[in-house]
Amino acid sequence: MSYFFQLVVSGIVVGSIYALSGLGFVLIYKSSRVLNIAHGQIIAIGAFITYALTVWVGLPIYVSFPMSMIITFFLAMSVERVFLRRLIGEPIISVIMVTIGLMSILDGLIYLTPFGTENFSFPPFLPTTPIAIGGVSISWTQMLGVTVTFSLIAGFSWFFKKSTIGISMRAVSDDQLASMSIGISVPRVFGLAWAMAGLSAAAAGGIIGNITGLNFDTLQAFGIVVFPVVILGGLDSILGAVVAGIIMGLIQQFASGYLDGNWGLNGTGEVLPYIILLVILLFKPHGLFGIHEIERV
Amino acid sequence: MKKNNLIKLTLLLVAAFMLSLPVQALAGKVYKLGLSLAITGPTSDAGHPYSQGVDDYFKFVNDTKMLGDDTIDCTIRDDQYKTDKTKQNFEDFLDQGIVFYLNYSTGSTLALKKDFEEEKMPVIPASFHAGNLIDSHYIFLPIASYSAQAIGLAEYVVKNHKGKTPKVAMFIHPSAFGRGPVEDLQKAVAAGLDMEIVEVVEHGKNLDNTAMLKRLVNKGVQYVISQTVQSPVATMLKDATSLGLKANSFGEEGKLTFLGCHYTGGNDLVALAGPAAENFYWTTSYIITNEPSPGATEQLALAKRYNRGEKAANSHNYANGMMVAQVATEVIKRTKAKGKEITKENLYDELQNMNGDNAFFPGTTVGPVTYSKTDHAGVDSLQLYVVKNGAFQSADKPFIPEYTSKIK
């Protein structure tokens, strides 16, 4: 039975990190209906900034981690200001193409630094002995990942539901023209959405980097790995990202734990989430919590 | 008057041409080589130092006039680990008139095998996949194949395991590169290597390996042999450590001892896994700079001469790149010494003569490089290393796996 609970715990841990990684997609899509293809690169940049501040500048990691989130917040805001601001009102496909270009530019810039081709790891800062309860163990790194994920998700949920600017962002998401007519600054909302996506990406990068080590290819791949999560959850739903992340995490762990290695099966943890994603999308094409818009003509 | 000027001009031109002849002769010949590899993109953490090793060694050859007045001009191009780009680069190199080609990935080496045959081009890839040599006459592996490495690790397990038949799992990259040694290891078991392969796990982009590790331990697995790159191994080692499943000594009962082939180890693994890398066993044919040797001194001096950072200087992939450049230079040198022209055909013949008394000792490997008409795997010897106190060190003497020849 402890094996089962261990898989549940691991599934929730992995799922919550998927949710955090996918949050950036949701934040940008929710306000601007744009898919940011360069999200994986921003995750990697966030991790590298944390490393640089910790190891090269010498700051304690509990200072460098939030600092990297703040830096990435402004970095993502600048990216939106420089590359995307002038595309407001242009077809969405044009904006997505720009984010593909942005991905190449960021790739190129990262390859100019040691982070592009070298491997690093954060200096150990957490106890190495895991927390173990009744045969189920969870490492401090994973515990930290879950805590940061749920704190950020709770914060963003509150922000969108209660704060004026959050409500403005939702309004812009619903109808840009109507929002402008009541005095909401659409460009400002877009900038803020990118900035918050940058902040969440830096958090995800720091956590993933702490688990896998800092390897650019591994980190940037999470921009793609979490794509099924946000599709399943519904591209514009924070709650959807959380639920879908945890579903994916649990499916992966259970498939790997109970199917792989039996009946000649292997790698089901990689494939099964996609099969389930396809099945769910057959019945709920907008994802589990995505808004189904009906256009009246 | 005009006629006189014309004669003077002609004489001047003739004189200039005559004078230029000895200068051209003095300038020596330029031998064109090409290298296509992943300097950026996937696996560039290995490709980048590899390219630096190749580049530095050829610069060294030219700067120290190792080939007299002749020089090597090796064009190095990034293919971002994409086979179509590799093919494009190779075709460009052919247009440049290369006489020797250095390739990188398993995928592109397999894909371009027919092109190498058609062009009759001697090739040394950075991939040690045994399958590269099947139906191929022109590919030469620099060191023992991944199959030989996995078999070597398995033999070490069998020799040092206490108790009944050891249960082993393989943790592999989901590609031709990862799958390469699986079949050969299974053949070795069928040929009498006393171990049981319980499971072959193809990994993905896993953030957590709990399910896999627990499953393996429940099945009685004690050893995990990895054939992949460092990052997934690092994550697995961290998970095993946090779950308390990593053996503190070789073969500790109820726990997992981790071992891996060439691209799983090296300083990058220690950088990624940190303290979790402790007691990881790794095999390769290359020397390491942690332990003094003439090859290590030469490697560090070369990196210093061309202002490389400490990471590149101490990378086994830098040694890897340096070694293939050493082999290419050596065959050019030997062909030249025989008074033959430097052509791809003559270099190919000379490579196949590199055996017996003609074996080549580059210093960057733990054994000599030997090739023949029937043997295109360079260094047959392997060295086992283990991480102790955060650094790899030799765990045993260099060895040649026994079952590699038994399964042929």
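Every chain is numbered independently, its residues counted from 1 as its sequence is written. Starting at A for chains and at 1 for ligands, labels are handed out in the order in which the entities are written. Given that this is a predicted model, residues contribute local features only at a pLDDT of at least 70 and side-chain atom pairs are listed and counted only at 80 or more, while totals for whole chains, interfaces and linings are drawn from all residues. As a convention, hydrogens and water are excluded, and side-chain values are obtained from all of the structure's heavy atoms.

Asker: Before we move on, can you summarise the pattern of salt bridges with the specific residues and values?
Answerer: All names here are of chain B. Every case where a carboxyl oxygen of Asp or Glu lies within 4 Å of a side-chain nitrogen of Lys or Arg is listed as a salt bridge. Under the definition given, this model contains 18 salt bridges over all chains. Ionic pairing is found between Asp-55 and Lys-59, a salt bridge with its closest N-O pair at 3.6 Å. Here Asp-55 pairs with Lys-59, and both are found in helix 2 (residues 44–63), just four residues apart, close to one helical turn. Since its relative accessible area comes to 34%, Lys-59 is described here as partly exposed. Across the pair Glu-199 and Arg-215 runs a salt bridge whose closest N-O atoms are separated by 2.5 Å. Of this pair, Glu-199 sits in strand 7 (residues 196–202) while Arg-215 sits in helix 9 (residues 210–218); the two residues are 16 residues apart in sequence, bridging distant segments of the chain. Under the relative-accessibility criterion, Glu-199 is labelled buried at 5%. In this text, helices come from DSSP runs of H or I with a minimum length of four residues, and strands from runs of E with a minimum of two, each type numbered from the N-terminal end. Exposed residues in this analysis have more than 50% of their type's maximum accessible area, buried residues have under 20%, and partly exposed residues fall in between, with area computed by a 1.4 Å probe over protein chains only.

Asker: Lay out the sheet that holds strand 10 (residues 281–284) of chain B in plain terms, naming residues and giving numbers.
Answerer: Residue and element names in this part refer to chain B. The seven strands lie next to each other as 7-6-8-9-10-12-13, forming an open sheet whose pairing is mixed. Of all the strands in the sheet, just strand 7 and strand 13 (391–394) have a single pairing partner and so form its edges. Each strand axis lies, on average, 25° off the axis of its neighbour in the sheet, ignoring direction. At least two bridges found by DSSP between two strands is the condition for calling them paired. With four bridges connecting them, strand 12 (residues 383–388) and strand 13 associate as antiparallel partners. Its bridge partner being in strand 13, Val-387 is matched across the sheet by Phe-392. Axis definition: a line fit to C-alpha positions, over the contact stretch in the case of helices; interaxial angles, taken between N-to-C directions, run 0 to 180 degrees.

Asker: Now, about the sheet that holds strand 4 (residues 123–124) of chain B: what can you tell me, with residues and values included?
Answerer: All names here are of chain B. A sheet is described by the order of its strands in space; here four strands give the open sequence 2-1-3-4, paired in parallel fashion. Looking at the sheet topology across the chains shown, the edges are occupied by strand 2 (71–78) and strand 4. Taken strand by strand, helix 2 contacts strand 1 (30–37), strand 2 and strand 3 (100–102), and its axis lies near 165° from that of strand 2. Here helix 14 (residues 316–337) sits on the sheet in contact with strand 1, strand 2, strand 3 and strand 4, set at roughly 155° to strand 1. Should any heavy atoms of two residues lie within 4.5 Å, those residues are counted as being in contact.

Asker: Describe unusual backbone geometry, with residues and values.
Answerer: Residues and elements named next belong to chain B. In this model, Thr-43 sits at a positive phi of 65°, which is unusual for a non-glycine residue. Within the fold, Thr-43 resides in the loop between strand 1 and helix 2. By relative accessible area, which is 17% here, Thr-43 ends up buried. The backbone phi angle of Tyr-81 is positive, close to 70°, even though this residue is not glycine. Looking at the secondary structure, you find Tyr-81 in the loop between strand 2 and helix 3 (83–96).

Asker: I'd love a proper account of the environment of Tyr3(A), names of residues and values included.
Answerer: Within the secondary structure, Tyr3(A) is located in helix 1 (residues 2–32). Non-local contacts of Tyr3(A), meaning those with residues more than four positions away in its chain, are made with Gly257(A), Tyr258(A), Ala211(B), Lys214(B), Arg215(B) and Asn218(B).

Asker: Kindly report on helix 12 (residues 294–305) of chain B, identifying the contributing residues and their values.
Answerer: All names here are of chain B. The end-to-end C-alpha separation of helix 12 is 16 Å, in line with the 16 Å expected for twelve residues at 1.5 Å each. For helix 12, the full list of buried residues reads Gly-295, Ala-296, Gln-299, Leu-302 and Ala-303. Along helix 12, the residues classed as buried sweep out an arc of 130° about the axis, all on the same side. The exposed residues of helix 12 that point more than 90 degrees off its buried face are Pro-294, Thr-297 and Lys-304. Here the expected length of a helix is defined as 1.5 Å per residue gap, with one fewer gap than residues. Picture the helix axis, draw a direction to every C-beta atom, and the arc is the one those directions span.

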